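Secondary and tertiary structure notes
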Amino acid sequence: MNKDHEFYMHRCVALGILAGHRGDSPVGSVIVKDGHIIGEGIEGGKTNMDITFHAEIEAIRHATHALKSQDLSDCTLYTTHEPCIMCSYVIRHAKINTVVMGMTTGEIGGYSSLYPILKDTSIKHWGTPPTIITGILEDHCRGLHK
Ligand SMILES: [Zn+2]
């Protein structure tokens, strides 16, 4: 199981490197369903001059197009960095089952900040919060900033 987590996180790190090379924050994300990557996201907020091009949202866009459904409840999101508050809203809307992150980000994160949207249980139509797994290839993810 942990080996699988590392396998998909390595792909996220590779996507994060691509983002960094083009001048964006070095964040990469993938969506996995039944052992297959069905969506990939490369951070592109600066490239596109549009804050909504976060890697997690890009991965979700690709996955919803692949599945022709906005319900990603059988999917796992892997991402190098803790999803931000904006991405966490989209993750909850898509009902993603499990979120695996390399490193937490603190104050703008949707898990470890004062706005832990990923853990919220007060918004009924979001259902059960996703399972959260942190610290997968954390050193690799932190290394993206060097
Ligand atoms: Zn985000």
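In this report, the structure presented in the accompanying data block is examined. (Residues numbered from 1 in each chain as written. Predicted model: local features only at pLDDT ≥ 70, side-chain atom pairs only at ≥ 80, totals over all residues. Heavy atoms only, no water.)

1. Regarding the overall build of the chain
Selection criterion: Helix numbering and strand numbering both begin at the N terminus, where a helix is a DSSP run of H or I of at least 4 residues and a strand a DSSP run of E of at least 2. We compute the radius of gyration from the C-alpha atoms alone; for a globule the expected value is 2.2 Å times N to the 0.38, where N is the number of residues. With a 1.4 Å probe rolled over the protein chains alone, any residue whose accessible area is under 20% of its type maximum counts as buried; one over 50% counts as exposed, and the rest are partly exposed. The contact criterion used is simple: two residues touch if any of their non-hydrogen atoms lie within 4.5 Å.
Each helix and strand counted, the chain has four helices and five strands in total. Whereas a compact globule of 146 residues would reach a radius of gyration of roughly 15 Å, the chain reaches 14 Å, a difference of no more than 12%. Viewed in the frame of its principal axes, the chain has a C-alpha envelope of about 40 × 35 × 30 Å. Counting over 146 residues, the chain shows a buried share of 44%. Look at the contacts in the chain between residues 6 or more apart in sequence, and 57% of them connect residues 24 or more apart.

2. Here's the deal with the coordination of the zinc ion
Condition: Each metal's donors comprise the N, O and S atoms found within 2.8 Å of it (within 3.2 Å for Na, K or Ca). Water is not part of the atom list, so some coordination spheres may appear incomplete.
Donor atoms from the polypeptide that coordinate the zinc ion comprise H54 (ND1), C84 (SG) and C87 (SG), at 2.0 to 2.3 Å from the metal. Between the donor residues of the zinc ion, the gaps in sequence give the motif H-x29-C-x2-C. Here C84 lies in the loop between β3 (76-81) and α3 (85-93) and H54 lies in the loop between β2 (36-42) and α2 (55-67), a separation of 30 residues in the sequence. The exposure class assigned to C84 is buried, which follows from its relative accessible area of 10%.

3. Quick notes on the side chain of T79
Stated precisely, the cut-off is as follows: What qualifies as a polar contact is a pair of N or O atoms within 3.5 Å, subject to a donor-acceptor requirement within protein and to the restriction that residues adjacent in sequence count only when both atoms come from side chains.
Following the sequence through the fold, T79 ends up in strand β3. At 2.9 Å, the side chain of T79 forms a polar contact with the side chain of S29. The contacts of T79, once residues within four sequence positions are left out, are M9, C12, V27, G28, S29, E56, V100, M101 and G102.

4. A word on the pattern of salt bridges
Quick reminder of the rule: For this analysis, a salt bridge means a side-chain nitrogen from Lys or Arg found within 4 Å of a carboxyl oxygen belonging to Asp or Glu.
Tallied over the entire structure, the rule returns five salt bridges. Salt-bridge contacts for R22 lead to D24; the nearest nitrogen and oxygen are separated by 2.9 Å. Residue D24 is classed as buried on the basis of its relative accessible area of 5%. Measuring nitrogen to oxygen at the nearest pair gives 3.5 Å for the salt bridge that ties D74 to K33. In this pair, D74 sits in the loop between α2 and β3 while K33 sits in strand β1 (residues 28-33), placing the two residues 41 residues apart along the sequence. Under the relative-accessibility criterion, D74 is labelled exposed at 56%.

5. Topic: the nonpolar core
Cut-off, in case you're wondering: What we call a nonpolar core is a set of buried Ala, Val, Leu, Ile, Met, Phe, Trp, Tyr and Cys residues that are connected through their side-chain atoms within 4.5 Å.
Judged by nonpolar contacts, the single largest core of 14 residues is most densely connected at M9, V30 and Y78. For this core, the elements supplying multiple residues, two or more each, are α1 (2-21), β1 and β4 (98-103). For this core, the leading source of residues is α1, giving five residues. In terms of nonpolar packing, the next biggest core, distinct from the first, is built from 13 residues, C75, L77, A94 and M101 among them.

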